[in-house]
Amino acid sequence: MSSLNRSPNVAFHGLFLPANSERYIFGKGKMWEALWNTEEAYTLAGQDSRCWAINGDVQYTSDDVLVMYHDTTVPFGELGNSYAISDLTYAQIQTIVLTQGGVDYSIPTFDEFIQTCRTYGKVCCIELKGRTSPWSWSANGKSDLLDEMVQKLCDLGMQDSSFFMAPEFLKNVKLIVS
């Protein structure tokens, strides 16, 4: 087994996190205080001084609106049947009320997620969901939703405080410590 020389900094695509800083990536927001991948969970994470980055799962609706939600399906309709996010329109997504602990939550958009990260000065950790390749992450013949996301990050000045990940490709990624 090889040993690594530990550096005081770990790099994520040019973003540096001090190794002994007690700061974390909050997966899906502060999900132990609010329903995960909701605006409330992202806001609570942003307000926490231990949070360095907020992780959120992005998917697209059938009309190509980018929304933040972990599961590829969501309960929808009077019977609560599960439907793929990519099969529902954004108007349908807006009618979905998710309840946990007697509190109602809605599914936020990608823009709302980025704005929350920006407001609280947090790094955006954007997890691509529902596609087989992040390099061809496009929907319904639209040019490229990945390009759209990058443009939104640039428009908000968040291009240097964001990174993308796709779980199906993590097995090929090695952490490099300099």
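Here the structure is a predicted model, which is why all the values come from computation and not from measurement.

### Focus on the packing of aromatic side chains
Phase 1: Counting across every chain of the model gives three aromatic pairs.
Phase 2: Ring plane angle 45° and centroid distance 5.2 Å describe the contact between phenylalanine 26 and tryptophan 32, whose orientation is recorded as tilted.
Phase 3: Judged by its relative accessible area of 4%, phenylalanine 26 falls in the buried class.
Phase 4: Assessed through its relative accessible area of 53%, tryptophan 32 is described here as exposed.
Phase 5: Geometrically, the ring pair formed by tyrosine 42 and phenylalanine 113 is edge-to-face, given 4.7 Å between the ring centres and 65° between the ring planes. Here tyrosine 42, found in helix α1 (residues 39–47), pairs with phenylalanine 113, found in helix α3 (residues 110–120); they are 71 residues apart in sequence, far enough to count as distant.

### Focus: the pairing of strand β4 (residues 51–60)
Phase 1: Counting buried positions over the ten residues of β4 gives ten, a clear majority of the element.
Phase 2: Relative to β4, strand β3 (residues 24–27) is paired through four bridges, and the arrangement is parallel. Following the sheet pairing, glycine 27 is matched in β4 by asparagine 55.
Phase 3: Crossover β3 to β4 through α1 is right-handed.
Phase 4: Across six bridges, the pairing between β4 and strand β10 (residues 123–128) is parallel.

### Structural notes on unusual backbone geometry
Phase 1: Of note in the backbone geometry, lysine 28 takes a positive phi value of approximately 65° without being a glycine.
Phase 2: Along the chain, the position of lysine 28 falls in the loop between β3 and α1.
Phase 3: In this model, aspartate 64 sits at a positive phi of 65°, which is unusual for a non-glycine residue.
Phase 4: Looking at the element boundaries, aspartate 64 is found in the loop between β4 and β5 (66–68).

The rules behind the values
- Residues numbered from 1 in each chain as written.
- Predicted model: local features only at pLDDT ≥ 70, side-chain atom pairs only at ≥ 80, totals over all residues.
- Heavy atoms only, no water.
- Phe/Tyr/Trp six-rings, centres within 6.5 Å; stacked < 30°, edge-to-face > 60°.
- Buried < 20%, exposed > 50% of the residue type's maximum accessible area, 1.4 Å probe, protein only.
- Helix = DSSP H or I, 4+ residues; strand = E, 2+ residues; numbered from the N terminus.
- Pairing = 2+ DSSP bridges.
- Right-handed = clockwise from strand over helix to strand, strands pointing away.

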